[in-house]
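# Structure assessment
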Number of protein chains: 2
Amino acid sequence: MIIGTSPNRLDAVAKVSGKARYTEDLTLPGMRHAVLVRSHIAHGLVKSIDTKAALALPGVEAVFTFEDVPDTLYPTAGHPYNLVIEKRDVSDRRLLTSHVRHYGDDVAVVVARDPLTAAKGAQLVKVEYEELPVLIGYKEALAPGATVLHEFMDNNVLRHSVIEHGGRVDELMKEAELVLEGVYHTPIVQHCHMETAVSYAYMDDDDHIVIVSSTQIPQIVRRVVGQALDIPWSRVRVIKPYLGGGFGNKQDVLVEPIAAFCSWKMGGVPVQVALSREECFTSTRTRHRFDGQIKMGLKKDGTFTAFDVKVWSQTGAYASHGHSIAGAAGSKSPYLYPRAAMRYDATTYYANVPSAGAMRGYGQPQVTFIMDCLVEEAAHALKMDPLELRLKNVARVGDVCQFNHHTIHAAGIYEALTRGGELIDWRKKREAYKNQTGPVRRGLGVACCSYGSNTYPAAVELAGARLILNQDGRVTLAMGATEIGQGADTALTQIASEALGIPMDQFNTVTIQDTDHTPFDTGAYASRQTYTSSTAIADAARQFKDKILDLAALISGVPRSALSINGGNIVGSDGEHLVMTLGELAMQSYYNIDFGNPIVSEATHKTRQNPPVYCCTFVDVEVDVPLCRVTVKEAWNVHDSGRIVNPKLASGQVHGGMGMGLGMALYEEMLIDEKGKVLNDNLLDYKMPTIMDLPDLDCAFVEVPDPTNPYGIRALGEPPLVSPAPAVRNAVWHATGVKVDEIPITPKVLFRYLEKAGM
Amino acid sequence: MIIGTSPNRLDAVAKVSGKARYTEDLTLPGMRHAVLVRSHIAHGLVKSIDTKAALALPGVEAVFTFEDVPDTLYPTAGHPYNLVIEKRDVSDRRLLTSHVRHYGDDVAVVVARDPLTAAKGAQLVKVEYEELPVLIGYKEALAPGATVLHEFMDNNVLRHSVIEHGGRVDELMKEAELVLEGVYHTPIVQHCHMETAVSYAYMDDDDHIVIVSSTQIPQIVRRVVGQALDIPWSRVRVIKPYLGGGFGNKQDVLVEPIAAFCSWKMGGVPVQVALSREECFTSTRTRHRFDGQIKMGLKKDGTFTAFDVKVWSQTGAYASHGHSIAGAAGSKSPYLYPRAAMRYDATTYYANVPSAGAMRGYGQPQVTFIMDCLVEEAAHALKMDPLELRLKNVARVGDVCQFNHHTIHAAGIYEALTRGGELIDWRKKREAYKNQTGPVRRGLGVACCSYGSNTYPAAVELAGARLILNQDGRVTLAMGATEIGQGADTALTQIASEALGIPMDQFNTVTIQDTDHTPFDTGAYASRQTYTSSTAIADAARQFKDKILDLAALISGVPRSALSINGGNIVGSDGEHLVMTLGELAMQSYYNIDFGNPIVSEATHKTRQNPPVYCCTFVDVEVDVPLCRVTVKEAWNVHDSGRIVNPKLASGQVHGGMGMGLGMALYEEMLIDEKGKVLNDNLLDYKMPTIMDLPDLDCAFVEVPDPTNPYGIRALGEPPLVSPAPAVRNAVWHATGVKVDEIPITPKVLFRYLEKAGM
């Protein structure tokens, strides 16, 4: 049983020894470097642009402006294409624009022989603007008469949706014994992946553009570049090398189209676009700022009856993932308290701030913060223990979700909350932290959330796996699923190992995805890969084993029905007797001149199940009241993600997510002034938690196997960062008696709340 | 019908525009360059080696000598592995050696930051030798007591074989009404591919060595590097970019193992080995020098009854393809005059000259020269027209080859000879060139040959094809067959187009083979690819069409049995009514969220048929007797290669082959002195024909479809160069009355023969 054990990451040594080559470690002779000319205003029209000085700079080879690019609007979100027109991502972006909509928008691009010259050339491009009003918050952006950011729109509402199945929310609110309301706010944060956005493009012939890119979604990049350049998609090939983090930012098509455009226009010469950290902040994607109004109805015994959630999601200058973020959060949240009804009203609006896109959690951290804050309010109102209140309402196996009428086949959140309470010693500490009066106080908080295992039925769910038996008996596993640092290669190899009965060290796993070669997969996002790819592996493995054992029977004379694979060998009916090694069989498959064939199998799987997963966070915080400083002393995440493939890797994912979640709770926020200028576009001014800021991060797993997956697997990747922020907020309330309705809870924010509370 | 038409080469524009990237056009940051320290003697033992000065040179990073390499003997021939031990290629080579066996042998390697420093470093390595006797010709090498080149051998006979089925040759010679004998000699020539031997290797992790190489045989390189470094084969990945000619030299594992070794020892840093032209001459492979003794029996009416052929094939310092060259020629030749019996006695011997290996024709030009010279002798002896004599004896459909009892299902050599005679106006010119006496005389010559379509049953015959339906309705074709400049991509895409009913321009053909990704194929050699790969394509296409039409039936409601593909569309039973485009179907296969799957099919085919092909050459030469200079005024090749896929490409292959054949006839020979030193290791001193030396090269095809191939195809690649040399020799005889029994017929050689003839 290899699933459930923790072999080392396949890429561990390659990465720590520096052998792994990332996109910027690859190059081609004659590589050119492109630097974008970015707007230094947040909203305006280009009046004039002068490229002469840039073109005169020795080493500058080309300058392209918005006048040179195809007049084609294209989308950038890393979603599979949708056959339903209304469900397609919004096409609102040109390669370069004369109407700049955010600080750092793309006006022109300078291509030079080296990056410094390109940067210098970009500075020499003179742009004059006619400035337009800058809209930031949803009230300004949605105000009647507000300047409209996009010409094809009538206003700045990208989309508004109200979802309510059954239509009983208003009635339930009327019937409720207690109705609570709240208004909450979450900030813009940025992914801050270690490797910035980088791609290069080149052509080996007149027909194909090859793009090497740090991306989570090679197949989608291929399609979007095809759309942006208006060429058949199969003329684009995308290769993803080792990748240094994405967290959703690279689930978007960032610099690939402009790199491809430059190479295409320059006769196929290789052109690299490598963004600086500053550009990553202003000109890639961010997490959507959410403003939420929420109402809930309860019975006096604490039973939740209805939620009425209204959110404004700020997409910024361009749609990117558009309304999907707000939408996804709305569709995943009802699984947490499935017996309560829910109405979800969401508005996504354009504003003159950097574009928001996918980021780990995909709207769920925002909506969970909004909902969980009010749940905590309910515990206070009912004078119930917050843990007890949640336990009373969370999903149980067999619940039918009132929101979408799905039956929940696997749910371990009750057990997770119970276990987390034990681990942090909930009862004892809650009691101990009562009635504190000193300057430094402790508080205990809990929060919980639900999530999905992929995107079905919002989008198609496709995963592909190929298995090849090599001459040495080792098995090549080529996945469409992209290894982006999350450990997919290792987990999926474990699954293949289990599916085939062949030890891990007999696998040769292809880590570099290539759209011309590796099986189709839509990419790394939505915490989908282990869940969806495992079925593709199981399907491929079934065919693979059949081919192996058919040939083994032919060669050995042992009946097919007596044969199986065990420990990498072909064995008899007792499971032990060696009939032949895989290597011996493989040599026959290749080199027997009269029969046999190399053994290869490939399977693609469309998932049509999307089971919910659950997580809860418990934190113990210390609040230094005079300094308005919150320190997390202990933090636990307990997850129900079905069967865990590799506990060590899973813990790593949870620790990373908890760090991001605590950063969102206490430190991180992109600051944008009233003119739309980003004030902290670097890692000195934008505060991420470091190891000095965090306690030991602890986690546990409640493994409720999922019946819709061959190995009982559900999703894990994103949930770890969803519940830490509300848990911290609730703990601060517990410590201080003051509830903060926004994050991050920086000293500046906390000072305001404590001052208002008279402390 | 796309087979039989001549669309442009897929790579034409990429190559003429300079966009195509060859191995040396690719690089990686930090690339190191390795230069080999080569022996300047042809035979000896290293007494001492001093690397200090080289290591002290700034920029030199490592020097490896024979002391540093694995003590593993490995083979280098580009043959598939053989399950039968006796049939495996001889393992007689170490990565570096202390026993040098030819001028230019590999003693040590210097790795530096740039190629010039590496070359300078190589010069600084001081090597002292104990010299051993140098053996060149077969008489010296096989003399009793001759120094033995390889420690594991008792003498210098690599292998000796006598093949005679039926055993009636001696008896038939006795019964013959005429018995003729001859002794003939063919020279060492070199491939002179435009792109020299070049590879680089690197590691992205601790487990895998990636090799980018200009090779005809990526899968075999992978295996041999595994053998040379003594690591599992699947830990090696080989990528073949665009390639600038191989002609069999790159059907050998040349610089890949040493590049891989250096990278491996240096922690995975990329190391390139790019040989100079001089090194290609001395230290890659050459065409085997053959010495032949031949006897034939005839009836007075010109019927051939028996051939008794004895050849000595000089393999040089290392076995490389070993006895296969001599063996293959023996097995392919009997198909020309199949009704005659044949005994074939072949000896392959080691000698202190550069190693011979595969070269276009693979022994057949040599054996054809030997046999055809004597056939011409027979025409003289019988006073028969040489064309009539050949026509009387060549293979006809239904013949059973006396040598191996195979029935010949397709043979067009009679028609080819007839057609060639018409094209060159044989009768008229033979008559016109009679009784010439002036200093400049004309002569007409003919020669013919047989060849095979692959290597079966000598080795396994495997070809693989993968088809992928892209979203835009275009089809990706990924072959294991390597495009090496011969036009495989274009021809195989035509076949796929015909198999699927999808126009050529809807294909996206993958031109770069990669052992991790592209289907298995043993490589480009033995003129095998169109014949063997076409069946793999047909098999893959059958499955592909089934999947397409099954899904089309499901979506459209039109019954499966009414659907077909025509012109790239899915059509109804009338073959015209548009049911849906392939693009529409493809979009459903990918993006319908509930059903369908991306359409992919892959097939591997083991060929177990090897039909013979035929060629004849007609030349009209002018001999300037005082200058001893031969000029070819007109040359025709007429081929029977079954159905011709692309007449333009086929003509190109024929023209190239004829040029090489005429070069072998008149100009090319590697000169080696008695000390084993190569005297003309460059393209100034080694004379290749240029366009100034050649007439217009003409060709025609007699297309007798082959019943064992789905498209009637047989082989074409190598035969074009087989018969030109004897045709020229026969024409010179016709012009001058002097028969020259060796090639090349340089002025120096011709002077000797003319002088001897008293002219």
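Please read these numbers as outputs of a predicted model, since none were measured by experiment.

Before going further, it helps to spend a moment on the relation of the copies chain A and chain B. Overlay of chain A on chain B (RMSD 0.1 Å): rotation 180°, translation along the axis 0.1 Å. Such a combination of turn and shift is consistent with a two-fold rotation axis. Minimal C-alpha distance to the rotation axis in chain A is attained by His 517 of chain A, lying at 2.9 Å. Most of the interface of chain A is mirrored in chain B, where 100% of its interface residues are also at the interface.

Right, let's get into the interface of chain A and chain B. Tallying the contact residues gives 53 residues for chain A and 53 residues for chain B. Listing elements by their share of the side of chain A that touches chain B, those giving two or more residues are α1 (12–16), β19 (507–510), α16 (582–591) and β24 (600–606) of chain A. With 4 residues, β24 of chain A is the largest single contributor of residues to the side of chain A that touches chain B. The residue makeup of the side of chain A that touches chain B, split by class, is 25 nonpolar, 12 polar and 16 charged.

What follows covers the packing of helix α11 (residues 386–393) of chain B against helix α12 (residues 413–424) of chain B. Residues and elements named next belong to chain B. Where α11 meets α12, the closest approach of the two axes is 9 Å, and the angle between their N-to-C directions is 160°. Here α12 runs roughly antiparallel to α11, going by the angle between their axes. Here α11 and α12 pass one another in a crossing that is left-handed. Note on element contacts: α12 touches α11 through Tyr 414, Leu 417, Thr 418 and Gly 421, opposite Leu 387, Arg 390 and Leu 391. Its residues placed into classes, the contact of α11 with α12 shows 4 nonpolar, 2 polar and 1 charged.

Our focus in this paragraph is the pairing of strand β26 (residues 629–640) of chain B. All names here are of chain B. Of the strand pairs in this sheet, strand β25 (residues 613–624) and β26 are connected by 11 bridges, and their pairing is antiparallel. Within β26, the residue paired with Phe 618 across the bridge is Trp 636. Taking the residues that link successive antiparallel strands as the turn, the β25-β26 hairpin has 4 residues, and the phi of Cys 628 there is positive, at about 55°. Examined bridge by bridge, β26 and strand β27 (residues 697–701) share 5 bridges and lie parallel to one another. Bridge pairing in β27 places Val 638 opposite Ala 700. Handedness of the β-α-β unit built from β26, helix α17 (residues 647–666) and β27 comes out right-handed.

Let us look at unusual backbone geometry. Geometrically, the link from Tyr 456 of chain A to Pro 457 of chain A is a cis peptide bond, its omega value of 0° lying close to zero. Residue position: Pro 457 of chain A is located in the loop between β16 (440–451) and β17 (462–469). The phi dihedral of Phe 247 of chain A falls on the positive side, at around 55°, and the residue is not glycine. Among the structural elements, Phe 247 of chain A can be located in the loop between β11 (236–240) and α7 (256–265). Here Cys 628 of chain B, not a glycine, exhibits a phi torsion of approximately 55°, which is positive. Position of Cys 628 of chain B among the secondary structure elements: in the loop between β25 and β26.

Our next topic: the domain arrangement of chain A. One widely used convention gives an interface's size as the accessible area the parts lose upon coming together. All names here are of chain A. On domain assignment, one finds that chain A holds domain 1 (13–132 + 197–274), domain 2 (289–456 + 609–756) and domain 3 (462–606). Placing the centre of domain 1 and that of domain 2 at their C-alpha centroids yields a distance of 35 Å. Domain 1 puts 20 residues into the contact, and the matching count from domain 2 is 21 residues. Tallied by class, the residues present in the side of domain 1 that touches domain 2 amount to 5 nonpolar, 9 polar and 6 charged.

Our focus in this paragraph is the sheet that holds strand β15 (residues 341–350) of chain B. All names here are of chain B. Strand order across the open sheet formed by 5 strands is β7-β15-β14-β13-β8, with mixed pairing between neighbours. At either margin of the open sheet sits one strand with a lone partner, and together these are β7 (157–163) and β8 (178–186). Taking the axes of each pair of neighbouring strands and ignoring which way they run, one obtains an average angle of 10° across the sheet. Here strand β13 (residues 289–298) runs beside strand β14 (residues 304–316); their pairing, made up of 10 bridges, is antiparallel. Counterpart to Lys 295 in the pairing with β14 is Asp 308. Lying over the sheet, helix α10 (residues 364–382) contacts β8, β13 and β14, oriented at roughly 140° with respect to β8.

This part takes up the confidence of the model for chain A. The share of residues in chain A with pLDDT of 70 or more is 100%, and the mean pLDDT across the chain is 97. Across the interface, the model reports ipTM at 0.95; the global pTM reads 0.96.

So, about helix α14 (residues 488–500) of chain B. Taking 1.5 Å as the rise per residue, α14 of chain B with 13 residues should run 18 Å; its terminal C-alpha atoms sit 18 Å apart, in good agreement. α14 of chain B sits mainly inside the fold: 13 of its 13 residues count as buried.

All names here are of chain A. For Ala 108, the location among the structural elements is in strand β5 (residues 106–112). C-beta crowding within 10 Å serves as the criterion here: with 26 such atoms nearby, Ala 108 is assigned to the buried category. The contact partners of Ala 108, leaving out residues within four places of it in the chain, are Val 37, Ile 49, Thr 51, Val 63, Phe 64, Thr 65, Leu 96 and Val 125.

Scoring rules and cut-offs
Residues numbered from 1 in each chain as written. Chains lettered and ligands numbered in written order. Predicted model: local features only at pLDDT ≥ 70, side-chain atom pairs only at ≥ 80, totals over all residues. Least-squares fit on C-alpha atoms with pLDDT ≥ 70 in both. Contact = placed C-beta atoms within 7 Å. Helix = DSSP H or I, 4+ residues; strand = E, 2+ residues; numbered from the N terminus. Nonpolar A, V, L, I, M, F, W, Y, C, P; charged D, E, K, R; others polar. Axes fitted to C-alpha atoms, helices over the stretch in contact; angles between N-to-C directions. Parallel < 35°, antiparallel > 145°, perpendicular 65-115°, else oblique. Left-handed = near helix turned anticlockwise from the far one by under 90°. Pairing = 2+ DSSP bridges. Right-handed = clockwise from strand over helix to strand, strands pointing away. Domains from an automatic or database assignment. pLDDT = per-residue confidence, 0-100. Expected span 1.5 Å × (residues − 1). Buried ≥ 20, exposed ≤ 12 C-beta atoms within 10 Å, placed from the backbone.

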